[in-house]
Amino acid sequence: MSTSSTVLSEEQFLCSVCLDVFTDPVSIPCGHNFCKVCISEYWNTTALCQCPLCKDTFNTRPDLKTNTTLREVADHFKRMKVRDREESSSKPGDVAQVQQMIQERLLKVKEIKLSVELSQRDAEREIAGSVEVFTALVRSIERSQGEVIEVVEEKQKAAERQAEGLIEELEQEITELLRRGTELDPLHQNSPSPIKGWSEISVHRDLHVGTVRKALSQLEEMLHNEMEKLCNAELKMIRQWSVDVTLDPDTAHPKLIVSENRKQVSYGDKGQILPDLPKRFDMYLSVLGKEGFSSGRFYFEVQVRGKIEWQVGVARESIIRKGPKVKSPDTGLWALYMKGENKYEIKDTPHMHLFPGQKPQKVGVFVDYKEGQISFYDVENMSHIYSFTGCTFTEKLYPYLNPCDNSEGPNSAPLVISPVNHTD
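For clarity, every value in this text was computed on a predicted model and none was experimentally measured. (Residues numbered from 1 in each chain as written. Predicted model: local features only at pLDDT ≥ 70, side-chain atom pairs only at ≥ 80, totals over all residues. Heavy atoms only, no water.)

Colleague: Please clarify how the overall build of the protein should be interpreted in this entry.
Modeller: Across its full length, the protein holds five helices and 15 strands. Taken across its 424 residues, the protein has 35% of its residues classed as buried. In the protein, the share of contacts with a sequence separation of at least 24, taken over all contacts with a separation of at least 6, comes to 62%. Entry remark: accessible area of the protein is about 26,200 Å², with carbon and sulfur atoms responsible for 54%. (Helix = DSSP H or I, 4+ residues; strand = E, 2+ residues; numbered from the N terminus. Buried < 20%, exposed > 50% of the residue type's maximum accessible area, 1.4 Å probe, protein only. Contact = heavy atoms within 4.5 Å. Areas by Shrake-Rupley, 256 points an atom, 1.4 Å probe, with all protein chains shown as cover.)

Written out as structure tokens, the structure reads:
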């Protein structure tokens, strides 16, 4: 049996549940085949009777009958595999190497299938979670709308009752005044009842803006709580792509002090005598990570506690390092900039100011290279700060830190690359 036919047959005779060659294969109504034991055990552990591959659902559990033709072919295939292994043991080393390569690729097939299955489960959980959240929000909106209508209608009814009372009183006074006007000798009348002055009396139109604002504030609070839950789950997920970042002293501005373990950087006021390397920043107080990334996803965290000015983000490898050219996405920098007590900026086009609810003490940076996304998180408060989206990356990206100087006040605390906690 040739090597090429072996690879082809392996694809055809694998059960998608146990990922091995069929044993006692059966066919189900949707047309897919499985080992009889595998599909039986699968259905015993699921609430729905459905196909593991195409997810077709059957109202009643199908009667499983052995596919005799497929069983004969699978048994024949197994025998041929055994013969191939026996023959390969007596063949030169290059054939054994080919067999090893085949096995490695078959294992990769299993790995990919498992990855797809896990991804599908994640997607199903994500969909179920989103449906639950949006259903709750819609219900809250409908409930709030009903409450606003009830309050407004009640206020309107109260105004109508007030108006009816005033009209009744006015009509009584009109009757009294008409009666007085018909008396022939008003001097012989008893003392008339006093007449009310009506110039300052009116029915005010209610403003219902406050009622709507209160309802919207409650919805805003609910939405904020849901956003916190979402961010918490998001951070837990993206932490799986955390990387061990160390700083590259050869890129650091001469006034920066990089710690011996290359995990911290601070402003040193006095410039050091260092080689003017092409990759060293000479105007901006910046330093890059040692390792760059040109695919996949990566995440790291930077402690910014005790600082009143800093920049944290990522930079492309070709970022201009000499001269005062403004750093922005156009020139290869995607960063969050903090200046003053609680002023945050995104140096993008257009320039953007941010107003986070709380001052971050630790910033998380997540990059999805393929999707063109860079996101910043307040780690301790479990909140999302900002995301660059729709970016196009064509070269390596490096972690970027700028501890800034003391121009805004005492700012000597270091920026610290923090170990990522996977248990929170």
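Colleague: How should I be thinking about helix H2 (residues 36-44) in this particular structure?
Modeller: Residues that lie three or four places apart on an α-helix share one face, since the helix turns once every 3.6 residues. Along H2, the residues classified as buried are Cys 38, Ile 39, Ser 40 and Trp 43. On its buried face, H2 is in contact with strand S1 (25-27) and strand S2 (33-35).

Colleague: So what exactly am I meant to see when it comes to the layout of surface pockets here?
Modeller: Taking a probe equal in size to a water molecule and rolling it over the atoms shows the remaining empty space. As a volume, the second largest pocket reaches approximately 460 Å³. Contributing to the lining of the second largest pocket are 14 residues, with Ser 16, Pro 52, Lys 55, Glu 117 and Gln 120 lying nearest its centre. Here the lining of the second largest pocket gets seven residues from one element, more than from any other, and that element is helix H4 (residues 93-181). A per-class count over the lining of the second largest pocket returns seven nonpolar, two polar and five charged. (1 Å grid on protein atoms, 1.4 Å probe; cavity = no way out; pocket = protein on both sides within 12 Å on 5 of 7 lines; lining within 4 Å. Points joined across faces, edges and corners; volume = space filled by probe spheres on them. Nonpolar A, V, L, I, M, F, W, Y, C, P; charged D, E, K, R; others polar.)

Colleague: Any chance you could explain the state of the cysteines here in plain terms?
Modeller: Every disulfide links exactly two cysteines, by a covalent bond between their sulfur atoms. The full count for this structure, using the stated rule, is zero disulfides. Its sulfur unpaired, Cys 18 is 3.7 Å from the next cysteine sulfur, which belongs to Cys 38. On the accessibility criterion, Cys 18 (36% relative accessible area) is partly exposed. (Disulfide = S-S within 2.5 Å.)

Colleague: When you look at the sheet that holds strand S12 (residues 373-378) in this model, what are you seeing that I'm missing?
Modeller: Spatially, S3-S4-S15-S6-S11-S12-S13 is the arrangement adopted by the seven strands of the open sheet, whose pairing is antiparallel. Because the sheet does not close on itself, it has two edges, and the strands there are strand S3 (256-258) and strand S13 (383-388). Here the strands of the sheet are splayed against their neighbours by 20 degrees on average, with no regard to which way each runs. Here S12 pairs with S13 via five bridges, running antiparallel. If you follow Phe 376 over to S13, its bridge partner there is Tyr 386. (Pairing = 2+ DSSP bridges. Axes fitted to C-alpha atoms, helices over the stretch in contact; angles between N-to-C directions.)

Colleague: Would you mind going over the sheet that holds strand S14 (residues 397-402) with me for this structure?
Modeller: What links the strands of a sheet is backbone hydrogen bonding, and the strands pair in either a parallel or an antiparallel sense. Taken in spatial order, the six strands make up an open sheet running S5-S14-S7-S8-S9-S10, and their pairing is antiparallel. The open sheet terminates on both sides in strands that have one partner only, identified here as strand S5 (287-288) and strand S10 (352-354).

Colleague: Even after reading the chapter, I still don't get the nonpolar core, so can you show me in this structure?
Modeller: Proteins that are soluble and globular tend to have nonpolar side chains buried together. Within the largest apolar cluster, 37 residues are counted, with the highest numbers of intra-cluster contacts made by Trp 310, Leu 336 and Ile 374. In this structure, Leu 336 is in contact with Trp 310, Gln 311, Val 312, Tyr 344, Glu 345, Ile 346, Leu 354, Val 363, Phe 376 and Ile 385, ignoring residues within four places of it in sequence. Within the second largest apolar cluster, 18 residues are counted, among which are Val 26, Cys 35, Cys 51 and Leu 70. (Core = buried A, V, L, I, M, F, W, Y, C linked by side-chain atoms within 4.5 Å.)

Colleague: Would you mind going over the packing of aromatic side chains with me for this structure?
Modeller: Given two aromatic rings, their pairing is described by the distance between the two centres and the angle made by the two planes. Scanning all chains against the criterion turns up ten aromatic pairs. Aromatic side chains Phe 13 and Phe 77 sit 5.4 Å apart centroid to centroid with 40 degrees between the ring planes, which places their arrangement in the tilted category. With a gap of 64 residues between them, Phe 13 in the loop between helix H1 (3-12) and S1 and Phe 77 in helix H3 (residues 68-88) connect regions that are remote in the sequence. You'll find Phe 13 and Phe 77 in the same group, each marked buried. Relative to Phe 393, the ring of Trp 334 lies with its centre 5.3 Å away and its plane at 90 degrees, an arrangement referred to as edge-to-face. (Phe/Tyr/Trp six-rings, centres within 6.5 Å; stacked < 30°, edge-to-face > 60°.)

Colleague: Even after reading the chapter, I still don't get the pairing of S14, so can you show me in this structure?
Modeller: Looking down a regular strand, the side chains alternate between one sheet face and the other. Buried residues dominate S14, accounting for six of its six residues. Where S5 and S14 come together, two bridges link them in antiparallel fashion. Bridging across to S14, Val 287 finds its partner in Leu 401.

Colleague: Can you help me understand the pairing of strand S15 (residues 415-418) in this one?
Modeller: The side-chain alternation of S15 yields two buried faces, one formed by Leu 415 and Ile 417 and the other by Val 416 and Ser 418. Sheet topology places strand S4 (residues 264-267) next to S15; two bridges connect them, and they run antiparallel. Bridging from a neighbouring strand, Val 265 pairs with Leu 415 of S15. The sheet contact formed by strand S6 (residues 297-303) and S15 spans three bridges and is antiparallel. Residue Val 302 lies in a different strand from S15, and its bridge partner there is Ile 417.

Colleague: What am I meant to see in the side chain of Asp 378 here?
Modeller: In this structure, Asp 378 sits in strand S12. Among buried Asp, Glu, Lys and Arg side chains, Asp 378 stands out as unpaired, with Arg 305 the closest opposite charge at 8.8 Å. In terms of polar contacts, Asp 378 uses its side chain to reach the backbone amide nitrogen of Glu 380, at 3.5 Å. Polar side-chain contacts of Asp 378 include one of 2.7 Å to the side chain of Asn 381. Beyond its immediate chain neighbours, meaning those up to four positions away, Asp 378 contacts Gln 358, Lys 359, Pro 360, Gln 361, Lys 362, Ser 383 and Ile 385. (Lys, Arg positive; Asp, Glu negative; His and termini not counted. Salt bridge = Lys/Arg side-chain N within 4 Å of Asp/Glu carboxyl O. Polar contact = N/O pair within 3.5 Å; in protein donor to acceptor, adjacent residues only side chain to side chain.)

Colleague: Sorry, what's going on with the side chain of Asn 411 here?
Modeller: Counting through the fold element by element, Asn 411 comes out in the loop between S14 and S15. With a relative accessible area of 0%, Asn 411 lands in the buried category. Among the polar contacts listed, one links the side chain of Asn 411 to the backbone nitrogen of Ile 308, at a separation of 3.1 Å. A distance of 3.1 Å separates the side chain of Asn 411 from the backbone oxygen of Glu 309, its partner in a polar contact.

Geometric values such as these leave the question of function open.
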